[in-house]
Amino acid sequence: METILVCDDDKAILDSIEIYLKLEGYNVLKAEDGIQALEMIEKNEIHCLVLDIMMPRMDGLQATLKIREKYNFPIIMLSAKSEDTDKIAGLGFGADDYVTKPFNPLELVARVKSQIRRYISFSGFVKKDTQIVTGGLIVDTDAKTVSVDGENIKLTATEYMILEYLCKNLGRVLSSGQIYEAVWNEPSFRSEKTVTVHIKNIREKIEINPKDPKYIKVVYGLGYKVEKI
């Protein structure tokens, strides 16, 4: 039974999400701010976190930064704001997806299911016996690890799946829509900004100079590719 941690300072929202997730058979833990969430994460194995942005003591963005220092389970941000800047900020801090309040609980449950499926696959339940090498970049699709020049690189599940997809198509230009549909397994109607933020995060981790990338190249107006080196 997968465990979902839901963190929101609105008790009514917490209780509502808990009901819908429990109906799907998930174990649900609840926290009312980022500090409580971090304490629960230390004591429990979490498979997905539903995290509000605006909270007292420690908000969702601060909590995400702390969580990403040690953990790579998926994080779905909740935000009462619909502006793109808030969504991009959440993704930039390490979240995997976002849902804008007010939301349909069934949509949230669907997104939780999707993230958990990808997380379980990433964690090694689906094994592949290949290693992709280009220059000093090595993507091990069996161990689900990434290294650059011998140094292990820690990516989130979403970041890893994007990089693996690009590396499986070395030298081929892939559009944001293609990347989104392959990784998120859903229509790409909101793909461009989401993929752009994740690509930026990956570059920050694998490139010596993210502004002059060696591995992940942008082909303006068309998409992205990982170079054959």
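Cut-offs used in this document
Residues numbered from 1 in each chain as written. Predicted model: local features only at pLDDT ≥ 70, side-chain atom pairs only at ≥ 80, totals over all residues. Heavy atoms only, no water. Helix = DSSP H or I, 4+ residues; strand = E, 2+ residues; numbered from the N terminus. Rg over C-alpha atoms; globule rule 2.2 N^0.38 Å. Contact = heavy atoms within 4.5 Å. Areas by Shrake-Rupley, 256 points an atom, 1.4 Å probe, with all protein chains shown as cover. Buried < 20%, exposed > 50% of the residue type's maximum accessible area, 1.4 Å probe, protein only. Arc of directions from axis to C-beta. Polar contact = N/O pair within 3.5 Å; in protein donor to acceptor, adjacent residues only side chain to side chain. 1 Å grid on protein atoms, 1.4 Å probe; cavity = no way out; pocket = protein on both sides within 12 Å on 5 of 7 lines; lining within 4 Å. Points joined across faces, edges and corners; volume = space filled by probe spheres on them. Nonpolar A, V, L, I, M, F, W, Y, C, P; charged D, E, K, R; others polar.

Asks: Which parts of the structure should I look at to understand the overall build of the protein?
Replies: Helix and strand content of the protein: 8 helices and 11 strands. Taken against the 2.2 N^0.38 rule, which gives 17 Å for 229 residues, the C-alpha radius of gyration of the protein at 18 Å falls within 12% of a compact globule. Overall size of the protein, expressed as C-alpha extent along the three principal axes, is 55 × 35 × 30 Å. Nonlocal contacts in the protein, meaning residues at least 24 apart in sequence, comprise 57% of its contacts between residues at least 6 apart. Accessible surface, the protein: about 11,100 Å² in total, of which carbon and sulfur atoms supply 52%.

Asks: Even after reading the chapter, I still don't get helix α2 (residues 34-43), so can you show me in this structure?
Replies: Since the α-helix turns once every 3.6 residues, residues separated by three or four places project in the same direction. For α2, the set of buried residues is G34, A37 and I41. The arc that holds every buried residue of α2, seen down its axis, measures 55°, which confines them to one face. Those residues of α2 that are buried are in contact with β1 (3-7), β2 (27-31) and α3 (60-67). Between the side-chain oxygen of the N-cap and the backbone nitrogen of I35 there are 3.0 Å, and the N-cap of α2 in question is D33.

Asks: What am I meant to see in the layout of surface pockets here?
Replies: Think of a ball as big as a water molecule: rolled over the atoms, this probe shows where empty space is left. Roughly 210 Å³ of volume is contained in the largest pocket. Lining the largest pocket are 16 residues, with R68, F93, G94, E159 and K205 sitting closest to its centre. With 4 residues, helix α8 (residues 191-206) is the largest single contributor of residues to the lining of the largest pocket. Taken together, the residues of the lining of the largest pocket break down into 4 nonpolar, 5 polar and 7 charged.

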